[in-house]
Amino acid sequence: MNELNSISATLIQWYEQYKRDLPWRDTDDPYKIWISEIILQQTRVNQGLDYYYRFIERFPDVQSLAAASEDEVLKYWQGLGYYSRARNLHKAAQQVVSRFGGKFPDQYADVLSLSGVGEYTAAAICSFAYNLPFAVVDGNVFRVLARLFGIDTPIDSLQGKKEFKLLANELLDEQHPGQHNQAIMEFGALQCTPVSPACESCPLFTQCVALANGSIAVLPVKTQKIKTRARYFNYLFIKYTDKTYLQKRTGNDVWKNLYEFPLIEADRLLEESEIFQHSYFNKITAGISSGINISLLSAPLKHVLTHQQIYAQCFIIEIKEESEFLRFFEKTAIEHIGDYAVSRLMEILIQNHIG
Ligand code: SF4
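Predicted model, so just to flag it, every value in this text is computed and none were measured.

**Q** Help me understand the overall build of the protein chain, please; the structure alone is not making it clear to me.
**A** Each helix and strand counted, the protein chain has 15 helices and eight strands in total. Dimensions of the protein chain, computed from C-alpha atoms along their principal axes, come out at roughly 85 × 50 × 35 Å.

**Q** Explain the packing of helix H8 (residues 119-130) against helix H11 (residues 177-190) to me, please; I cannot follow it from the model alone.
**A** Helices that pack against each other are described as a pair by the angle of their axes relative to one another and the distance between those axes. Interaxial distance between H8 and H11 falls to 7 Å at its minimum, and their mutual angle equals 125°. Here H11 runs oblique to H8, going by the angle between their axes. Once H8 is placed against H11, the crossing between them reads as left-handed. From H8, Ala124, Ser127 and Phe128 reach across to H11, where they touch Pro177, Gly178 and Asn181.

**Q** How do you make sense of the pairing of strand S7 (residues 308-319) when you look at a structure like this?
**A** Remark: a regular strand shows side chains that alternate across the two faces of the sheet. Across twelve bridges, the pairing between strand S1 (residues 229-240) and S7 is parallel. Across the sheet, the residue bridging to Lys239 is Glu318, located in S7. Sheet analysis places strand S5 (residues 293-296) next to S7, joined by four bridges and oriented antiparallel. Its bridge partner lying in S7, Asn293 is registered against Glu318. The sheet contact formed by strand S6 (residues 301-304) and S7 spans four bridges and is antiparallel. Counterpart to Val304 in the pairing with S7 is Gln309. Where S6 folds back on S7, the antiparallel hairpin that results is connected by three residues.

**Q** I tried to follow helix H9 (residues 139-149) on my own but got confused; where do I start?
**A** Side chains that are three or four residues apart share a direction in an α-helix, a result of its 3.6 residues per turn. The element H9 is largely enclosed, with a buried count of eight among its eleven residues. Those residues of H9 lying buried are Val141, Phe142, Arg143, Val144, Leu145, Ala146, Arg147 and Leu148. Looking at the buried residues of H9, the elements they touch are helix H10 (158-171), H11 and helix H12 (209-213). Just downstream of H9, Gly150 is the residue with a positive phi angle, here 60°.

**Q** Even after reading the chapter, I still don't get the domain arrangement of the protein chain, so can you show me in this structure?
**A** Where the parts come together, the accessible area they lose is often given as the size of the interface. Taken domain by domain, the protein chain comprises domain 1 (3-218) and domain 2 (229-353). A straight line from the C-alpha centre of domain 1 to that of domain 2 covers 38 Å. Across the boundary between the two partners, domain 1 contributes ten residues, which contact eight residues of domain 2. Going through the elements one at a time, helix H5 (70-77) and helix H6 (84-100) are the ones with two or more residues in the side of domain 1 that touches domain 2. By residue number, the principal contributor to the side of domain 1 that touches domain 2 is H5, which donates four residues. Counted by class, the side of domain 1 that touches domain 2 contains two nonpolar, four polar and four charged residues.

**Q** I tried to follow the site of the ligand on my own but got confused; where do I start?
**A** Taken together, 14 residues surround the ligand, and among them Cys192, Pro197, Cys199, Cys202 and Cys208 come closest. Split by residue class, the shell around the ligand holds twelve nonpolar, one polar and one charged.

**Q** Help me out: how do you make sense of the nonpolar core in this one?
**A** If you look at the biggest cluster of nonpolar residues, it comprises 85 residues, and the most contacted ones within it are Ile125, Val141 and Leu145. Of the domains in this structure, domain 1 (3-218) and domain 2 (229-353) are the two that each give at least three residues to this core. Not counting the four nearest positions on each side in its chain, Leu145 is found in contact with Ile151, Phe164, Leu167 and Ala168.

**Q** Help me understand helix H1 (residues 3-18), please; the structure alone is not making it clear to me.
**A** Compared with an ideal rise of 1.5 Å per residue, which puts 16 residues at 22 Å, H1 spans 22 Å between its outermost C-alpha atoms and is within 8% of the ideal. Burial in H1 covers these residues: Ile7, Ser8, Leu11, Trp14 and Tyr15. Along H1, the residues classed as buried sweep out an arc of 125° about the axis, all on the same side. The outward face of H1, more than 90 degrees from its buried face, is lined by the exposed residues Asn5, Ser6, Gln13, Glu16 and Gln17. Buried residues along H1 sit against H10 and H11.

**Q** What is the right way to read unusual backbone geometry from this model?
**A** Glycine aside, residues mostly have negative phi, and peptide bonds are mostly found in the trans state. For Asn131, which is not glycine, the phi torsion reads 55° and is therefore positive. For Asn131, the location among the structural elements is in the loop between H8 and H9. We classify Asn131 as partly exposed; it has 14 C-beta atoms within 10 Å. A positive phi angle is found at Thr241, which is not glycine, with a value near 50°. Turning to its location among the elements, Thr241 is positioned in the loop between S1 and strand S2 (243-248).

How each quantity is defined
Residues numbered from 1 in each chain as written. Predicted model: local features only at pLDDT ≥ 70, side-chain atom pairs only at ≥ 80, totals over all residues. Helix = DSSP H or I, 4+ residues; strand = E, 2+ residues; numbered from the N terminus. Axes fitted to C-alpha atoms, helices over the stretch in contact; angles between N-to-C directions. Parallel < 35°, antiparallel > 145°, perpendicular 65-115°, else oblique. Left-handed = near helix turned anticlockwise from the far one by under 90°. Contact = placed C-beta atoms within 7 Å. Pairing = 2+ DSSP bridges. Buried ≥ 20, exposed ≤ 12 C-beta atoms within 10 Å, placed from the backbone. Domains from an automatic or database assignment. Nonpolar A, V, L, I, M, F, W, Y, C, P; charged D, E, K, R; others polar. Near = placed C-beta within 6 Å. Core = buried A, V, L, I, M, F, W, Y, C linked by C-beta atoms within 7 Å. Expected span 1.5 Å × (residues − 1). Arc of directions from axis to C-beta.

Here is the structure:
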């Protein structure tokens, strides 16, 4: 047995002893594995579990997901963030129906061709469901490999991606690719963690280059620092009798196709008087002759996304008659706002200030 084979065998042995019992590990159904992988892309296992159960209960197979409306799929995704994942799941389910007759594809290239499926997800589905020899390379795998072999090539560089992919495939146990992939990812999640890895109980203690060199804390290396930008959202909760108005976000921006209150995005959080004079506010209220009340409903909230920090506040605008312009919004009873798929930020606003 060469060194790489022995490392893979050790990882698998460790996995069999310490793995967490998770529902998507008890199945070789590619549909369920796919759903779990997409949920887990940006979500911790604990949070993802509930969503997984609910999602699979409502959409037990690719046909039911393909036949659902996008609004409903987004509603089931509400709170998980990164909503393009849900939109792509829905689109890919329809691709499976139209291009593969409703049977989930079993070839790597076909799986990779589905919307929202990248190399990592395709390798995970193909190895877990069909035992095909494709190595997964996710954040956990980058970390384990960088430390174990002492590699300081930046993992977000082209060279790094190539190098790590090659090594991951060399290390792969081709007889048991699914088990091997699960093992190395679980090892990264539980043993070789980003902060304070459990080196004293690590079965690869003697082989680990980073441990010998004292470079654990600086591996893996990343080059690009993510730039974040600040945005300022001034929401308008317009109250007319027991009704209010929502709009669906469009365009290539955060929370696409989710609902929210009419919004004035500005370069800062605005004062009441500034809202009152704002051209968008004037458009919304054009033709309303009397009785417009405006007041601040919420203290500013800060909502952090990967590349953006969103500062938001909400004004309540009470009107006694409707304007023409309000026809362009989705009018709903206030008590039914909860039926709409909204962002986590909107959810907090509604829960804390509208009920
Ligand atoms: S010895 Fe520590 S750093 Fe090295 S693989 Fe094991 S847990 Fe990770």
